[in-house]
Amino acid sequence: MEIISKAKAFGGTQGVYRHKSEACQCDMTFALFLPPQAEHGPVPVLWYLSGLTCTHQNVMDKGEYRRLAAELGIAILCPDTSPRGDDVPDEPDNWQFGKGAGFYLDATEAPFAKNYQMYSYITEELTELVAQEFPLDMSRQAITGHSMGGHGAITIALKNPERFKSVSAFAPIAQPSTAGWSKPAFEKYLGHDQSAWRTYDTTALIEDGHRIESLLVDQGTADSFLDDGLRPWLLQEACAKAAIPLTLSMREGYDHSYYFISTFMDEHLRWHAARL
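Report follows, based on the coordinates.

What counts and what doesn't
- Residues numbered from 1 in each chain as written.
- Predicted model: local features only at pLDDT ≥ 70, side-chain atom pairs only at ≥ 80, totals over all residues.
- Heavy atoms only, no water.
- Helix = DSSP H or I, 4+ residues; strand = E, 2+ residues; numbered from the N terminus.
- Contact = heavy atoms within 4.5 Å.
- Pairing = 2+ DSSP bridges.
- Axes fitted to C-alpha atoms, helices over the stretch in contact; angles between N-to-C directions.
- Bend = angle between axes of the 7 residues up to and from the residue.
- Buried < 20%, exposed > 50% of the residue type's maximum accessible area, 1.4 Å probe, protein only.
- Disulfide = S-S within 2.5 Å.

Here we take up the environment of Leu52. Topologically, Leu52 is positioned in the loop between β4 (43–49) and α1 (57–62). Each C-alpha atom of the pair Leu52 and Met148 lies 6.0 Å from the other, and the pair is 96 residues apart in sequence. Discounting chain neighbours no more than four positions away, the residues touching Leu52 are Trp95, Gln96, Gly100, Ala101, Phe103, Met148 and Trp181.

Given below as structure tokens:
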């Protein structure tokens, strides 16, 4: 593992690291904030999964999580959103697919299956790496994310409920198998058989019996992707039918940007801290 950078912040350490990924068959980069409490022993960890076009750096630069994470004693782990490199297949003119758009799934279709193994990367390889290299209490994990990353956070939590003590999301894609900006990606990554898509679709997973203890979601009412891409009412309906407690806050006037995310980041950190 290579250290790209380290900086002291709020008594803790914001680091950026690179390693060779077997799952994605390329070098992968991630960011990790360790609060000052990590100097004295393992601390709980909150995963943050970013959205389309993002890397580890967007939330690191704009998310404004370090002050409260340091106060609460929580590490913040921010993976990349896709494999990277000149040999990774991509559609450079399509921001909804390829590099920056891994959708946190394991692709099964050529040529993408070789590299786009983001579900395995997050849940297995990166998990094992950070557990070995950093003072993290892996018995106390939580997960959150934005947009595509919100989709990733909820689906990963639904499939691993024993692992994650809590889950939240900012403007998640509620039903990516039918959303205009994700359905084409699912077809390219997973093939034409839509039954294979269900394991990466929040509402389908809930319909198929997967459960989490509770869920916190924030969504801006001025989000330009609200009606076509995000559709939180579908998530609300699925949770209601399954008796999953959902706290859905529709934030008047907020859009899809990090101005929105940073505004409500503290509320999400406190939500997770109470459950960690």
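Our next topic: the sheet that holds strand β6 (residues 136–145). Taken together, the 9 strands give an open sheet; going across it, the order is β1-β2-β3-β5-β4-β6-β7-β8-β9, and neighbouring strands pair in mixed fashion. Looking at which strands have only one partner, the edges of the open sheet turn out to be β1 (2–9) and β9 (246–251). Sheet twist, expressed as the average angle between the axes of neighbouring strands with direction ignored, equals 20 degrees. Along the sheet, helix α9 (residues 258–275) contacts β4, β5 (75–79), β6, β7 (164–170), β8 (215–220) and β9; its crossing angle with β7, the most-contacted strand, is approximately 165 degrees.

A maximum bend of about 35 degrees is found in helix α3 (residues 118–133) at Leu126. The set of residues buried in α3 consists of Met118, Tyr119, Ser120, Tyr121, Ile122, Thr123, Glu125, Leu126, Thr127, Leu129 and Val130. For α3, the secondary structure elements touched by its buried residues are β2 (12–21), β3 (26–34), β4, β5, β6 and α4 (148–159).

Let's shift gears to the state of the cysteines. By the definition in use, this model includes 0 disulfides. There is no disulfide at Cys26, and the cysteine sulfur nearest it, in Cys24, is 5.3 Å away. Summary of cysteine pairing: Cys54 is not part of a disulfide, and the nearest cysteine sulfur, belonging to Cys78, is at 11 Å.

Read these as layout, nothing more, since geometry by itself doesn't imply function.
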